[in-house]
Amino acid sequence: MLIKTRDDGFIHPVSSEITPQRVYDGRRDLMKLMATGAAGVALAGWASRDALAQAAPGSGKLAALKGGKSAVAGAVTMEKVTEFKDASTYNNYYEFGTDKADPAKNAHTLKTAPWTVEVEGLVKKPGKYGIEDLMKLSAQEERIYRLRCVEGWSMVIPWVGYSLAELIKRVEPQPGAKFIEFVTLADPKTMPFVGSRVLDWPYVEGLRMDEAMHPLTLLTFGMYGEVLPNQNGAPVRIVVPWKYGFKSGKSIVKIRFTDKEPATAWNKAAANEYGFYSNVNPNVDHPRWSQATERRIGEDGLFAKKRKTLPFNGYEAQVGQLYAGMDLKKNY
Ligand SMILES: Nc1nc2c(c(=O)[nH]1)N[C@H]1C(S)=C(S)[C@@H](COP(=O)(O)O)O[C@H]1N2
Ligand SMILES: [Mo]
């Protein structure tokens, strides 16, 4: 699966290979269908979706879809996907304002082409990647991940990208490289709140090398079969599904390999509230609120029940081993 650039510099996905958005619009019906009889198929994930697509009325085109399958275990959930409208209008992107509606209103000023990502620090092959080359570096696939924000809400989003590990292997980390730092764009001309004092700009995030190498860590270029909307971190962001959302830095311009734990934006702003690890953990409260439950965006009607937050956001089977022997209360 590939996302290509048109000659005019505008980037768009190859739609025949990516699940079109209407698939998600119709997904509620598919889920209902699944609940009534096709339950066994539900366990099989994507294969089942193709089968169901054949069964779903008016969605004949879906049956021909082949590109959406993820090769990475645990990279697809059969939970109901959040509406695109919600995922692209309820955002955290403080460079464009602190209100959830601000990024969708303001991020049209972000200039995503041309765009380069610099790979530097403790690697044998440092370099600058144009966004188009970065997109083509490895086969892209679609993965449906939960994203759990530290503020207590969550979404289920079909992301498009490839494992960050593919890039890491390509640039050959030096033996001393223990962490990866992600530096995101801080452009006061196009980002109205970069002058504000909420955070120390640029927004920086980081991962330990084994976390960055974990196949679930997705270098992300698209969602819902399209390139990322600006407010979701165009043209490239990271998605680390077992960590609180703020670990998933948007609009990345630098990937730096270091021997020291990077100083990250929220940790610098409030170290007692936001740790470096920030693995989703229902047993470790935020100092000002519980992390035991979450509100799924799109389900916030009068009778909507809160969901129980799962350790590692439900990805414990895949990533728990990374933290064997670590005190996760201390390393929050
Ligand atoms: N550069 C940058 N990246 C960021 C943020 C931000 O303010 N600036 N917010 C983070 C937070 S708190 C969350 S919850 C997720 C939200 O991603 P989404 O809007 O695509 O759901 O982005 C993260 N990445
Ligand atoms: Mo967040």
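Keep in mind that this is a model prediction, so the values were computed, not measured.

The rules behind these values
Residues numbered from 1 in each chain as written. Chains lettered and ligands numbered in written order. Predicted model: local features only at pLDDT ≥ 70, side-chain atom pairs only at ≥ 80, totals over all residues. Heavy atoms only, no water. Helix = DSSP H or I, 4+ residues; strand = E, 2+ residues; numbered from the N terminus. Buried < 20%, exposed > 50% of the residue type's maximum accessible area, 1.4 Å probe, protein only. Contact = heavy atoms within 4.5 Å. Areas by Shrake-Rupley, 256 points an atom, 1.4 Å probe, with all protein chains shown as cover. 1 Å grid on protein atoms, 1.4 Å probe; cavity = no way out; pocket = protein on both sides within 12 Å on 5 of 7 lines; lining within 4 Å. Points joined across faces, edges and corners; volume = space filled by probe spheres on them. Nonpolar A, V, L, I, M, F, W, Y, C, P; charged D, E, K, R; others polar. Near = heavy atom within 4 Å. Polar contact = N/O pair within 3.5 Å; in protein donor to acceptor, adjacent residues only side chain to side chain. Sits in = over half its atoms within 2 Å of the grid points. pLDDT = per-residue confidence, 0-100. Pairing = 2+ DSSP bridges. Axes fitted to C-alpha atoms, helices over the stretch in contact; angles between N-to-C directions. Core = buried A, V, L, I, M, F, W, Y, C linked by side-chain atoms within 4.5 Å. Phe/Tyr/Trp six-rings, centres within 6.5 Å; stacked < 30°, edge-to-face > 60°. Lys NZ or Arg CZ within 6 Å of the ring centre and 35° of its normal. Salt bridge = Lys/Arg side-chain N within 4 Å of Asp/Glu carboxyl O.

What follows concerns the overall build of the chain. When helices and strands are tallied, the chain shows eleven helices and 14 strands. Looking at the 332 residues of the chain, the share that counts as buried comes to 54%. Considering only residue pairs separated by 6 or more positions, the chain has 70% of its internal contacts joining residues 24 or more positions apart. Carbon and sulfur atoms make up 54% of the accessible area of the chain, which totals about 14700 Å².

Turning to the layout of surface pockets, a few remarks are in order. To find leftover empty space, a probe the size of one water molecule is rolled over the atoms. Roughly 440 Å³ of volume is contained in the largest pocket. Taken together, 27 residues line the largest pocket, and the ones lying closest to its centre are Asn92, Tyr93, Tyr203, Gly245 and Phe246. Of the residues forming the lining of the largest pocket, the biggest block, four residues, is contributed by strand β6 (residues 153-163). Class assignment of the residues belonging to the lining of the largest pocket gives a composition of 16 nonpolar, seven polar and four charged.

Our focus in this paragraph is the site of ligand 1. Of all residues adjacent to ligand 1, which total 18 residues, the nearest are Asn91, Tyr94, Arg237, Ser248 and Lys250. Within the backbone of asparagine 92, an N or O atom sits 3.2 Å from a nitrogen atom of ligand 1. Taking serine 248, its main chain carries an N or O atom lying 2.8 Å from a nitrogen atom of ligand 1. Surface burial for ligand 1 is 98%, taken as the share of its 530 Å² of free accessible area covered by protein chains. Its atoms largely coinciding with the cavity grid, ligand 1 occupies the largest pocket. Looking at the shell around ligand 1, its residues break down into eight nonpolar, seven polar and three charged.

With respect to the element layout, glutamine 140 can be found in the loop between α7 (131-136) and β5 (141-148). Glutamine 140 gets classed as buried once you look at its relative accessible area, which sits at 3%.

In this section: the confidence of the model for the chain. Per-residue pLDDT for the chain averages 85, and the proportion of residues at 70 or more is 80%. The weakest mean pLDDT in the chain belongs to helix α3 (residues 39-42) at 30; the strongest belongs to strand β12 (residues 252-258) at 99.

Read across the sheet, five strands follow the order β4-β3-β12-β7-β8 without closing on themselves; strand pairing throughout is mixed. Edge strands, defined here as strands with exactly one partner in the open sheet, are β4 (127-130) and β8 (204-208). The mean inter-strand angle of the sheet, taken between neighbouring strand axes irrespective of direction, is 20°. Taken together, the four bridges between strand β3 (residues 116-121) and β12 define a ladder with parallel strand orientation. What sits directly across from valine 119, in β12, is isoleucine 255. Contacts from helix α8 (residues 164-171) reach β3, β4, β7 (179-184) and β12, with the element oriented near 60° to β12.

What follows concerns the nonpolar core. Leu134, Trp159, Leu167, Leu219, Val236, Trp242 and Phe257 are the most contacted members of the largest nonpolar core, which has 78 residues in total. Broken down by element, the residue count for this core peaks at six residues, all from β6. Non-local contacts of leucine 134, meaning those with residues more than four positions away in its chain, are made with Val117, Tyr129, Tyr162, Leu167, Leu219, Phe221 and Val236.

The next point concerns the packing of aromatic side chains. In the structure shown here, the tally under the stated rule is twelve aromatic pairs. Ring centres 5.6 Å apart and planes at 75° place the aromatic pair tyrosine 94 and tryptophan 266 in the edge-to-face group. Of the two residues, tyrosine 94 sits in the loop between α5 (84-87) and α6 (102-106) while tryptophan 266 sits in helix α10 (residues 265-269), which places them 172 residues apart along the sequence. Relative to tyrosine 274, the ring of phenylalanine 246 lies with its centre 5.4 Å away and its plane at 75°, an arrangement referred to as edge-to-face. Residue phenylalanine 246 is located in the loop between β11 (237-239) and β12, and its partner tyrosine 274 is located in the loop between α10 and β13 (293-296); the two are separated by 28 residues in the primary sequence. An aromatic cluster of three or more residues is present, and its members are Phe179, Phe276, Tyr277, Phe312 and Tyr323. Taking NZ or CZ as reference, lysine 247 lies 4.2 Å from the ring centre of phenylalanine 276, over its face.

All right, on to the pairing of β7 then. Counting buried positions over the six residues of β7 gives six, a clear majority of the element. Here β7 shows two buried faces, one formed by Phe179, Glu181 and Val183 and the other by Ile180, Phe182 and Thr184. Across five bridges, β7 lies against β8 in antiparallel orientation. Across the sheet, the residue bridging to phenylalanine 179 is arginine 208, located in β8.

Attention now moves to the pattern of salt bridges. Under the definition given, this model contains 19 salt bridges. The residue glutamate 151 makes a salt bridge to lysine 100 at a minimum N-O spacing of 2.9 Å. Of the two residues, glutamate 151 sits in the loop between β5 and β6 while lysine 100 sits in the loop between α5 and α6, which places them 51 residues apart along the sequence. The class for glutamate 151 is partly exposed, based on a relative accessible area of 36%. Take lysine 100: its relative accessible area is 15%, and that puts it in the buried class. Residues lysine 268 and aspartate 200 are paired through a salt bridge, measuring 3.1 Å at the closest nitrogen-oxygen approach. Within this pair, whereas lysine 268 is found in helix α10, its partner aspartate 200 is found in the loop between β7 and β8, the two being separated by 68 residues in sequence. Residue classification places lysine 268 among the partly exposed residues on the basis of a relative accessible area of 45%. A relative accessible area of 46% places aspartate 200 in the partly exposed class.

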